[in-house]
Amino acid sequence: MPGCELPVGTCPDMCPAAERVQRERERRLHRLEVAPGCRQDPPRADPQRAVKEYSRPAAGKPRPPPSQLRPPSVLLATVRYLAGEVAESADAARAEVASFVADRLRAVRLDLALQGAGDAEAAVVLEAALATLLAVVARLGPDAARGPADPVLLQAQVQEGFGSLRRCYAQSAGPHPRQPAFQGLFLLYNLGSVEALREVLQLPAALRTCPPLRKALAVDAAFREGNAARLFRLLQTLPYLPSCAVQCHVGHARREALARLARAFSTPKGQTLPLGFMVNLLALDGLKEAQDLCQAHGLPLDGEERVVFLRGRYVEEGLPPAGTCKVLVESKLRGRTLEEVVMAEEEDEGMDRPGSLPEEGT
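Residues numbered from 1 in each chain as written. Predicted model: local features only at pLDDT ≥ 70, side-chain atom pairs only at ≥ 80, totals over all residues. Heavy atoms only, no water.

The protein chain carries the name SAC3 domain containing 1 in an unreviewed UniProt entry, which gives Saimiri boliviensis boliviensis as its organism.

Next comes the structure, spelled out in structure tokens:
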């Protein structure tokens, strides 16, 4: 933030000691922050697990002192902890994890905005925070609406994360090694958005020609054209983080493809199509998911391996099935941990593999 005399945070912990004490007293500790095996009443916070919660800045309220702000190095360590420990937690539901992580990452962005961090170190924190949020949201699955996580609020948090990061990029000349990848994630998350496409096309040519953005632009074009075959071929070549970003559009793309098949193949007497064809075309996770997709749209089955396209039977009710996306998302981790992906400690998530970008028009 050029021209602003902002303090530099000095808090060495993921959660300031004063906040830990206050939330202990007010019984506002999340169970993921309580010391393991603690039986005290009220529960005691574990300083190694407690993470500063988001608190909306009130009008007229003085800025927090440096002792209440975590410097960029501590913020990055906090994000690493959220990605490596909390997001991978086996004793909490994914919706609970997503809600907790989203709130704590929002507090990370606020701490960063309230201090005089350099653009380069701020970008690294914002990139890691956004990558973590995209991953935990993608892991929610089709039953997220029944848990404590609000899908609309989470979507707003992701967009807020993109806004903070892209403003950071715009305020400095860099270099930001991961910028092409994250600009590509922005387009994939906003697939089909005219405004998002316009913003990406206004980026410098040197950025637009980087492999991550070229791939994202190709996916966006296939999505707009309704070219399901090309779209799902491209989606299968995306690395893990881009797959997380685009996952929210997969259900709609599959519904649109199924509607086109219904218009093309439906007859008064019915015409059958192998479900295996649909599994390959739409990158489904197997015959069971293909059966569920067809039945959710009113299409009868002929046995367990064929669908019948009968004129007048195709219907669209409510949101399209989300699907499990094991092929399109989960399989992309390839044995890596989320922490490794988020912190870019393994293969570059933004690079294409040889032959991963099909020729135009195929």
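Following the structure, the description resumes.
**Q** Would you mind showing me how to read the packing of helix 10 (residues 228–237) against helix 12 (residues 250–265) here?
**A** When two helices pack together, their arrangement is captured by the angle between the axes and the distance separating the axes. The contact between helix 10 and helix 12 brings their axes to 10 Å, and the two run at 150°. The pairing of helix 10 with helix 12 is recorded here as roughly antiparallel in orientation. As helix 10 packs across helix 12, the resulting crossing turns out to be left-handed. The segment helix 10 lies against helix 12, with Ala 228, Leu 231, Phe 232 and Leu 235 engaging Val 250, Ala 253, Arg 254 and Ala 257. Here the residues of the contact of helix 10 with helix 12 are counted per class, giving seven nonpolar, no polar and one charged. (Axes fitted to C-alpha atoms, helices over the stretch in contact; angles between N-to-C directions. Helix = DSSP H or I, 4+ residues; strand = E, 2+ residues; numbered from the N terminus. Parallel < 35°, antiparallel > 145°, perpendicular 65-115°, else oblique. Left-handed = near helix turned anticlockwise from the far one by under 90°. Contact = heavy atoms within 4.5 Å. Nonpolar A, V, L, I, M, F, W, Y, C, P; charged D, E, K, R; others polar.)

**Q** Please clarify how unusual backbone geometry should be interpreted in this entry.
**A** One can expect most non-glycine residues to show negative phi and most peptide bonds to be in trans. One non-glycine residue with positive phi stands out, namely Ala 283, at about 50°. Along the chain, Ala 283 turns up in the loop between helix 13 (275–281) and helix 14 (287–296). Of note in the backbone geometry, Cys 325 takes a positive phi value of approximately 55° without being a glycine. Note on placement: Cys 325 falls in the loop between strand 3 (306–309) and helix 15 (338–342).

**Q** Help me understand the sheet that holds strand 1 (residues 271–274) in this model?
**A** Within a sheet, each strand pairs with its neighbour through backbone hydrogen bonds, oriented either parallel or antiparallel. Strand order in this open sheet of three strands is 1-3-2, and the pairing throughout is antiparallel. Looking at the sheet topology across the chains shown, the edges are occupied by strand 1 and strand 2 (301–302). Here strand 2 pairs with strand 3 via two bridges, running antiparallel. Of the residues in strand 3, the one forming a bridge with Leu 301 is Val 307. Relative to strand 3, helix 12 is tilted by about 65°, and along the sheet it contacts strand 1 and strand 3. (Pairing = 2+ DSSP bridges.)

**Q** How do you make sense of the packing of helix 3 (residues 94–113) against helix 5 (residues 151–171) when you look at a structure like this?
**A** At their nearest, the axes of helix 3 and helix 5 sit 11 Å apart, and the two run at 30° to each other. Viewed along their axes, helix 3 and helix 5 adopt a mutual orientation that is roughly parallel. Seen from above, helix 3 lies across helix 5 with left-handed handedness. Seen from helix 3, the contacting residues are Ala 98, Ala 102, Arg 106 and Arg 109; seen from helix 5, they are Leu 154, Gln 157, Glu 160, Gly 161 and Ser 164. Partitioned by chemical class, the residues of the contact of helix 3 with helix 5 number three nonpolar, three polar and three charged.

**Q** Sorry if this is basic, but what is going on with the pattern of salt bridges here?
**A** Oppositely charged side chains are able to pair whenever their charged atoms sit close together. Inspection of every chain in the model, using the stated rule, returns 22 salt bridges. For Glu 33, the salt bridge identified is with Arg 104, shortest N-O distance 3.1 Å. Taken together, the residues Glu 33 in the loop between helix 1 (17–25) and helix 2 (72–86) and Arg 104 in helix 3 connect sequence positions 71 residues apart. Exposure class is identical for Glu 33 and Arg 104. Each is buried. Residue Glu 199 pairs with Arg 166 through a salt bridge whose shortest N-O separation is 2.6 Å. Here Glu 199 is found in helix 7 (residues 194–201), whereas its partner Arg 166 is found in helix 5, with 33 residues between them in sequence. Residue classification places Glu 199 among the partly exposed positions, given a relative accessible area of 24%. (Salt bridge = Lys/Arg side-chain N within 4 Å of Asp/Glu carboxyl O. Buried < 20%, exposed > 50% of the residue type's maximum accessible area, 1.4 Å probe, protein only.)

**Q** Please clarify how the nonpolar core should be interpreted in this entry.
**A** Nonpolar side chains tend to gather and get buried jointly when the protein is soluble and globular. Residues Leu 134, Phe 232, Leu 235, Tyr 240 and Met 278 are the most contacted members of the largest nonpolar core, which totals 98 residues. No other element matches helix 4 (residues 119–138), which puts 13 residues into this core. If near-sequence neighbours (up to four positions away) are discounted, Leu 134 is found in contact with Val 158, Phe 162, Leu 185, Tyr 189, Cys 244 and Ala 245. (Core = buried A, V, L, I, M, F, W, Y, C linked by side-chain atoms within 4.5 Å.)

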